[in-house]
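Chain by chain, the residues run as shown.
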Number of protein chains: 4
Amino acid sequence: MNRKFILIFSCPDKKGIVAAVSKVLFENDANIVESNQHSAKSVSNPHFYMRIVFELDSLSDEKNIANIKIKLNELSNIFDIKYQLNAVSVKKNAAVFVSKEDHCLYELLWQTSSGDIFLNISCIFSNHKTLSSVANFYNVPFIYIPSDFNVSNNNNCDAVNAADDSNNDLKLKQEQFILNEIVKYDIDFIILAKYMRILSSGFINLCNKKIINIHHSFLPSFPGAKPYLQAYEKGVKIIGATAHFVNEKLDDGPIIEQDVIRINHEDDAEELKKKGKIIERMVLARAVKFFVEDRIIQYGNKTIVFA
Amino acid sequence: MNRKFILIFSCPDKKGIVAAVSKVLFENDANIVESNQHSAKSVSNPHFYMRIVFELDSLSDEKNIANIKIKLNELSNIFDIKYQLNAVSVKKNAAVFVSKEDHCLYELLWQTSSGDIFLNISCIFSNHKTLSSVANFYNVPFIYIPSDFNVSNNNNCDAVNAADDSNNDLKLKQEQFILNEIVKYDIDFIILAKYMRILSSGFINLCNKKIINIHHSFLPSFPGAKPYLQAYEKGVKIIGATAHFVNEKLDDGPIIEQDVIRINHEDDAEELKKKGKIIERMVLARAVKFFVEDRIIQYGNKTIVFA
Amino acid sequence: MNRKFILIFSCPDKKGIVAAVSKVLFENDANIVESNQHSAKSVSNPHFYMRIVFELDSLSDEKNIANIKIKLNELSNIFDIKYQLNAVSVKKNAAVFVSKEDHCLYELLWQTSSGDIFLNISCIFSNHKTLSSVANFYNVPFIYIPSDFNVSNNNNCDAVNAADDSNNDLKLKQEQFILNEIVKYDIDFIILAKYMRILSSGFINLCNKKIINIHHSFLPSFPGAKPYLQAYEKGVKIIGATAHFVNEKLDDGPIIEQDVIRINHEDDAEELKKKGKIIERMVLARAVKFFVEDRIIQYGNKTIVFA
Amino acid sequence: MNRKFILIFSCPDKKGIVAAVSKVLFENDANIVESNQHSAKSVSNPHFYMRIVFELDSLSDEKNIANIKIKLNELSNIFDIKYQLNAVSVKKNAAVFVSKEDHCLYELLWQTSSGDIFLNISCIFSNHKTLSSVANFYNVPFIYIPSDFNVSNNNNCDAVNAADDSNNDLKLKQEQFILNEIVKYDIDFIILAKYMRILSSGFINLCNKKIINIHHSFLPSFPGAKPYLQAYEKGVKIIGATAHFVNEKLDDGPIIEQDVIRINHEDDAEELKKKGKIIERMVLARAVKFFVEDRIIQYGNKTIVFA
C-alpha cells in the first residue's frame, strides 16, 4: 500500500533546485506522481514555487518522511527553501463563519459530506440563529454569537463583565471568545461563507490562520456593500464572484478564484442576487478545495494556484 | 417573395401598446416573425421597449410601409412612441477608426466580407499607416490622419492654414476634417477598433452618430491606460473585454457586450495582452452585429440588447 | 395590487395571431410585461409558438381571466390555438425520483426551499433508503419502493399477491402503485434526479405527465450506462450533462438544457464523475426552473425554451 | 543571453525518472523554468509523460545540448525513454490544406503573422482556387490541385500519363504529388483547415507527419457529413468543434482540443454554421498553438495536452 504526501515550497530562483529536491525524494524511495512549478520573473527578486505529490510505501513511510524532512532542512541552508509537507490522508479542520444566507454553507457541507472536498468542518460561528438547524442536520457544532453577545455569561472563556463596555469593547471580547474557540477546535483555516460582520484587524493578526472570504462581485469591480445593486446600476452584461484571502483592507486580499455568469437587461438587482448565489457557492467551494489540497501559494498580494 | 423589416420603438409604459402596434401591422398585411420587449420598472418613469421583425409581400411593401409609418405617427400622439423602421435588406455604413493593432479590424473585415455581419465598412480612418495594406486588400478607402496631419494640404476639405496652430487647434481641425469625410461617406455609425487617440467631446457631439468602442478590460474594472498591466498586478483570475457606446467620459459609456477568458499565474502582462486580443475582437464583432441588426436600445447609461 | 399570469400557446403560423391575442388581452385590461415568440419555419407545416406574461388588477382578475379564456377559445376556432393559462402565484407539484446519489436531490431541495425555484416538491420516490434522512430534514414524504417491494403488503393501494409474480409483473405492480401515489399527491410533473431504474413505456404512457430526466453526458454523446467511463475512454476534453423530457427510447427525448465543463488528461473516470455532479445538478435545476415558469414548449423531438 | 529548449519525453513509469532527468539538466547548466508531468495509471502498463522547458546560456548552449543528448540517450537504456528536444527559437513548418471556406485559414494566417502562434505556414494546398488571393496577400505559396488535376502536366513530379487512369488512380497520383511537395517544403506537420476531401490511408501512412484536422461538431457527436444539420435536427442546446489528429478512421483520431457555444431554438442549421465558424477557428488555432509549443503527447487514441 502506498501513501501520498504533498510537498509545497518556495525559494529564491536558482539553478539546481528541482534536481536537488527530486534527488532527496528519490533517495528516500518516493515516487513523484504530480508536480507543478512557477518561476515569478520579478527582476529584483525572482522566486521559485513548487508543488510535488509523491507516494511512499506505507510500511516505511514514517522513516522516509523523517529523513526527507532532515534533508529538506539541510537544503534550506543552501536554497533558502520554505516548505510544507502534508500527508494527503490527514483532513484539515475549518471553522465556517455565516450570517443568514445559507447557500454557501450548504454547498460546503454537501461537498464535504460527499467527500468531494476532503475537509472537516469542525464548527460554525454565526451572528444569527438562522442556520442552526442546518448545522444540526450535519452534526456540526453551531456557536451563536449575536452582536450583543455577552461573553461573561459564557463558561468557556475568561469571564469579563461586558455590561458596561462600549460596543467596540464588546466586539473585541467576542472576537477573543472566537479565537479561544478556534484554538479549542484545533482549526487550520477559516472560511467566511457570507459572514456579514467585518473582522477586526486585531482578530486577523491574532488568529494567524488563512481566512478565505467570498465576495459577491467580480473584484476589483464593486467592492463593499450591495455589489449586485452596483452591478445593476452600471449595466454590466456579466456578473461574478471572487474568493480571496482576507487581509486588513476590505475586499482587497489576494484573489484565489473567480467565476462569472452572463446576465441581461431583464435581470433586476434581485434577480442578479439569485443568479449570483450559484456562482458564489461554486467559487467558494473551488477555493476551499484548492486550499485543502495545498494548491495555493500566496506571494505579495497575489496567489499561485496549481489547479 | 417577402421582404423583412425591423421596427424598434420605446415609449412610456401603458396598457395597450402591444395591441395597438400589432393591430397596425396586421391591418397592413405584415406577418410578425420575431418580437422582443422589455418593461423598465422604474417607479417614477416606467418605460417600454420593443423590437419587432415583420415580413411584407414585396409586391406591395412600399405602400404598406408608408401606411404603417402614417399609423405609427398617429400612435405617437397617444403613446409618445419613438420608433425606427428599417428594411433588413439595407446595409448600414460604418467608419472604422484604427491605430496600429490589427486584430479588431481584421475580425470586422472578415465577418463583413463573409456576410456574417451584414454591413458596409465604408472607410477606415487611422493615425498610423500600419494597416493601410489590409484596407487595400479589402478595397476599403484608408484615410491616414497622423497626429501632425496638416488639414490645409488636403483638397477634400475647407483649407485652413494649420501651420501656426497650437496642437489643440490642429486636433480640432483634423476632427472637423474627419466629420466632413463622415458626411461624404454617408456614415451611419462609427466603430473604434483599438483607436488609440481620444475623440474630443466636441467631435462626439457634432458627429451625432453612435460610436462603438472596444475597451480591453472587464469594465468597470481597469478603465484607462494599460488595463492588462493593471489586471496582472491585481492578480485577477479572469480577464475580459467590453464593447460600449462612447460618451464624453472615458470608458464610461453604456455597456453593450462583454466577455471573459480564464487566465492563471503563469500569464504575465504580455501574455494577457495576447489572450485578450481574441476576446476583444469577438466582443467588438458581436456588439457591431447587434447594432446592425437593430438589437440595441440605449436608455440612460445602460443598454437593452435583444440578443 | 397586480397579479401575473402566463399564457403559452402554439398554432399553425398565420398572419394576425399576435394582433388577435394582444387585442383579447388589451380588451380585458391585461398589461403585457413579457413576451417571446418563435416561428418554426418548416415548409410543410410552419408553426407559431408564443409565451406572454401579463398583469391584471387583482380586484377584477377572476372576471377578466374568465373572459380571456372565452375569447381564446373563440380564437381556437380561427387559428387552431392550443394554450395554457396559469397564474404565476400557483406552485406546481413535483414528484422527485431518486436512487442513492444525493446531489441532484439536494440541489432541488435547496433551490426550492430558498424560493429560487418556485415549486412544491410533494413527495420523493426511491428504490433505496439512502436519502430518507434528507427528505425528513426538508419534511417531504419519502416513499421507499425497493426492487423487491411487495405491493400487496401496502395498505395504500389495491392489494395484489405479488408472491408468485415474475419480476416483470412485480415491477409493473410497483409502477401502478407509484401511479396511484402520483394521483394522490396531485402531481403536475415528475423529476428523475439520478433515478437508476428505467421506467416502463407503460408507466410513461399511463402517467401522462411530463417527466424530466438528467443524463450525465452531453447527449447525443454517450447515452446509456457509464457515460463518464465512455467519455474518459474517448479522451474528450469537455464533459457535459443533459436534461431532457423522457420518451419511450432511453436517453433520447427532447433536450431541454445542457451544460459542459472543461476537463483534462489528469482526470480519470472517477474524477469526471465528481466534476460532472456539479454540472448535473445545475442543468437539472435550470430545466426544472424553466418548466415551472412555463418556458418550455415541446415540438416534435425538440424543445423551444423561452429563457 | 539565455536560450530556451523544450524536452518532451515518455517512458514506462518507474521511481527516479524525475531525479535522473533533472540531474542531467542541472549538471549541464540548465535552469528549469517550466515542468509538467502525467502518470497514466493503467494497471498493466503504467506510463510516465513529461514536458520540461529549460534555459541555457547561449554562449555554451551547443555544447550543453550535445551533452544533454548523450546523457538522455544513456538514460534511454535504463528507463526506456523516448524524447524530443527542440529549441524554442526554431519555427516549425506547416502545410495547410483548405477547400472553399476561409475562416480557419484566415485565423491561422493572422495568428501566425501577429506572432501569437510561432509558426511558418510554408504552403497552402487546395482543391479549389477560391482562397488563392488570401494566400497571395500573406505571400504563402498556393498549390492548386483540383479533383481533375493531371499530375503529368506538372514538371515538379515524376510524369505519369493520367489520361486513362481511373479516378482512384488519379487521386493517388495527386496525393503522391502532394507528398513530394511536402518533402520539398520541409514540412513538419499538416493542418486540415476545412479541407473537404478525405485523405487516403495510404497518404496518411506514407506522409508520416502529424495531421491536425478541425471537425465542426463536438465529437463523438455528429461525425461525418453535415454536423450542423445533424445538431439542428437533434435539438441540442450547445454546439461545438473538435481539433484532432487524423488517423485512418474518419473523425475518430485522438482529440486535442474542443470548445462549445450555446445556441437556442431560433438558430436554424444555417445560423449554427455561422456561429460554429467562430468556434472552429478558435479551436483549431489553439490546437496548432499547442502543437508548435510541443505541448501535446499522443498515447493510444488519446492525447495529453500540457496546456
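Residues numbered from 1 in each chain as written. Chains lettered and ligands numbered in written order. Predicted model: local features only at pLDDT ≥ 70, side-chain atom pairs only at ≥ 80, totals over all residues. Heavy atoms only, no water.

A.B. asks: Explain the sheet that holds strand E9 (residues 210-215) of chain A to me, please; I cannot follow it from the model alone.
C.D. replies: Strands belonging to one sheet form pairs held by backbone hydrogen bonds; the direction of such a pair is parallel or antiparallel. Residue and element names in this part refer to chain A. A sheet is described by the order of its strands in space; here seven strands give the open sequence E7-E6-E5-E8-E9-E10-E11, paired in mixed fashion. Since the sheet does not close on itself, it has two edges, and those belong to strand E7 (142-144) and strand E11 (255-262), each with one partner. Strand-to-strand, the axes of this sheet are offset by a mean angle of 20 degrees, without reference to chain direction. Where strand E5 (residues 92-98) and strand E6 (residues 119-126) come together, seven bridges link them in parallel fashion. (Pairing = 2+ DSSP bridges. Helix = DSSP H or I, 4+ residues; strand = E, 2+ residues; numbered from the N terminus. Axes fitted to C-alpha atoms, helices over the stretch in contact; angles between N-to-C directions.)

A.B. asks: Please clarify how the domain arrangement of chain A should be interpreted in this entry.
C.D. replies: Residues and elements named next belong to chain A. By the assigned domains, chain A splits into domain 1 (2-87) and domain 2 (92-305). If you average the C-alpha positions of domain 1 and of domain 2, the two centres end up 32 Å apart. Taken residue by residue, the interface counts eleven residues in domain 1 and eight residues in domain 2. Across the interface of domain 1 and domain 2, roughly 740 Å² is buried in total on both sides, 60% from carbon and sulfur atoms. Three residues, Ile8, Tyr49 and Arg51, lead the burial of domain 1 against domain 2; their summed loss comes to 56% of the area buried on that side. Linking domain 1 to domain 2 there are zero salt bridges. Across the contact surface, domain 1 and domain 2 share three residue pairs in polar contact (both at pLDDT 80 or more). Listed by contribution, the elements that provide at least two residues to the side of domain 1 that touches domain 2 are strand E1 (2-12), strand E2 (31-40), strand E3 (47-57) and strand E4 (82-87). Partitioned by chemical class, the residues of the side of domain 1 that touches domain 2 number six nonpolar, three polar and two charged. (Domains from an automatic or database assignment. Contact = heavy atoms within 4.5 Å. Buried area = accessible area lost by both parts, 1.4 Å probe. Salt bridge = Lys/Arg side-chain N within 4 Å of Asp/Glu carboxyl O. Polar contact = N/O pair within 3.5 Å; in protein donor to acceptor, adjacent residues only side chain to side chain. Nonpolar A, V, L, I, M, F, W, Y, C, P; charged D, E, K, R; others polar.)

A.B. asks: Would you take a moment to explain the interface of chain D and chain C for this structure?
C.D. replies: Note on interface size: it is often stated as the accessible area lost on association of the parts. If you look at the interface, chain D gives 33 residues, while chain C gives 33 residues. For the pairing of chain D and chain C, the buried interface totals around 2,900 Å² over both sides, and the portion due to carbon and sulfur atoms is 49%. Contact with chain C buries area across many residues of chain D, yet Lys234(D), Lys237(D) and His265(D) alone supply 24% of it, more than any other trio. Run the count over chain D and chain C and you get six salt bridges. Residues Arg262(D) and Asp259(C) are paired through a salt bridge, measuring 3.6 Å at the closest nitrogen-oxygen approach. Scanning the region where chain D abuts chain C turns up 17 residue pairs in polar contact (both at pLDDT 80 or more). Broken down by secondary-structure element, the contributors of at least two residues to the side of chain D that touches chain C are strand E2 (31-40), helix H7 (227-234), strand E11 (255-262) and strand E13 (302-305) of chain D. Residue contributions to the side of chain D that touches chain C peak at seven residues, all from E11(D). Here the side of chain D that touches chain C is built from residues that sort into 13 nonpolar, eight polar and twelve charged.

A.B. asks: Mind showing me how you'd approach the packing of aromatic side chains here?
C.D. replies: Here the structure, examined in full by the defined rule, presents 49 aromatic pairs over all chains. Geometrically, the ring pair formed by Phe97(C) and Phe125(C) is tilted, given 4.9 Å between the ring centres and 40 degrees between the ring planes. Residue Phe97(C) is found in strand E5 (residues 92-98), and its partner Phe125(C) is found in strand E6 (residues 119-126); the two are separated by 28 residues along the sequence. When sorted by exposure, Phe97(C) lands in the same class as Phe125(C), which is buried. One aromatic cluster is present, formed by Tyr106(A), Phe137(A), Tyr138(A), Tyr106(C), Trp110(C), Phe137(C) and Tyr138(C) through successive ring pairs. Against the face of Phe118(A) rests Lys91(A), its NZ or CZ located 5.3 Å from the ring centre. When the ring centre of Phe245(C) is taken as origin, the NZ or CZ atom of Lys210(C), which lies over that ring, is 4.8 Å away. (Phe/Tyr/Trp six-rings, centres within 6.5 Å; stacked < 30°, edge-to-face > 60°. Buried < 20%, exposed > 50% of the residue type's maximum accessible area, 1.4 Å probe, protein only. Lys NZ or Arg CZ within 6 Å of the ring centre and 35° of its normal.)

A.B. asks: What is the right way to look at the sheet that holds strand E7 (residues 142-144) of chain C in this model?
C.D. replies: Residue and element names in this part refer to chain C. Taking strand neighbours across the sheet as the criterion, the seven strands line up as E7-E6-E5-E8-E9-E10-E11 in an open arrangement whose pairing is mixed. The open sheet terminates on both sides in strands that have one partner only, identified here as E7 and strand E11 (255-262). Between one strand axis and the next, the sheet turns through 20 degrees on average, direction left out of account. Judged from the seven bridges that link them, strand E10 (residues 238-245) and E11 form a sheet pairing that is antiparallel. Each residue of the ladder has a partner; that of glycine 240, found in E11, is valine 260.

A.B. asks: Explain the interface of chain A and chain C to me, please; I cannot follow it from the model alone.
C.D. replies: Each partner contributes residues to the interface: chain A has 16 residues there, and chain C has 18 residues. Taken over both partners, the interface formed by chain A and chain C buries close to 1,600 Å², and the fraction arising from carbon and sulfur atoms is 57%. When residues of chain A are sorted by the area they lose upon contact with chain C, Tyr106(A), Trp110(A) and Phe137(A) head the list and together hold 38% of the total. There are four salt bridges connecting chain A and chain C. The partner of Glu107(A) in a salt bridge is Arg281(C), with the nearest N and O atoms 2.4 Å apart. Remark: the boundary between chain A and chain C carries seven residue pairs in polar contact (both at pLDDT 80 or more). Put simply, the parts of the chain that give the side of chain A that touches chain C at least two residues each are helix H3 (103-113), helix H4 (132-137) and helix H8 (269-292) of chain A. The class makeup of the residues in the side of chain A that touches chain C is seven nonpolar, four polar and five charged.

A.B. asks: Please explain the environment of His103(C) as it appears in this structure.
C.D. replies: Here His103(C) shows up in helix H3 (residues 103-113). A residue is classified by how much of its surface remains accessible, and His103(C), at 1% relative accessible area, is buried. Separated by 33 residues in sequence, His103(C) and Asn136(C) have C-alpha atoms that sit 16 Å apart. If near-sequence neighbours (up to four positions away) are discounted, His103(C) is found in contact with Trp110(A), Lys194(C), Lys277(C), Glu280(C) and Arg281(C). Side-chain polar atoms of His103(C) contact the side chain of Glu280(C), separated by 2.7 Å.

A.B. asks: Got a minute to help me understand the relation of the copies chain D and chain C in this structure?
C.D. replies: In this arrangement, two copies of a chain are superimposed by a rotation about an axis accompanied by a shift along the axis. Of the transformation placing chain D onto chain C, the axial shift is 0.0 Å and the rotation is 180 degrees, giving an RMSD of 0.0 Å. What the rotation and shift describe, once combined, is the action of a two-fold rotation axis. The rotation axis passes nearest to the C-alpha of Ser221(D) in chain D, at a distance of 2.6 Å. Interface overlap between copies: 100% of the residues of chain D at the interface are likewise at the interface in chain C, consistent with a symmetric, same-surface contact. (Least-squares fit on C-alpha atoms with pLDDT ≥ 70 in both.)

A.B. asks: Would you take a moment to explain the relation of the copies chain A and chain C for this structure?
C.D. replies: If you rotate chain A by 180 degrees and push it 0.0 Å along the axis, it lands on chain C with an RMSD of 0.0 Å. When you check the interface residues of chain A against chain C, 100% turn up at the interface there too, and the contact is symmetric in its surfaces.

A.B. asks: How should I be thinking about the confidence of the model for chain A in this particular structure?
C.D. replies: Segments scoring low in pLDDT should not have their predicted coordinates read at a detailed level. Residue and element names in this part refer to chain A. Looking at chain A as a whole, its pLDDT mean stands at 92, while 94% of the residues score no less than 70. Confidence drops under a pLDDT of 50 for residues 155-165, and excluding neighbours within four residues, the segment shows 21 contacts in the predicted structure. Overall fold confidence for the complex sits at a pTM of 0.94, while the interface term, ipTM, reaches 0.91. (pLDDT = per-residue confidence, 0-100.)

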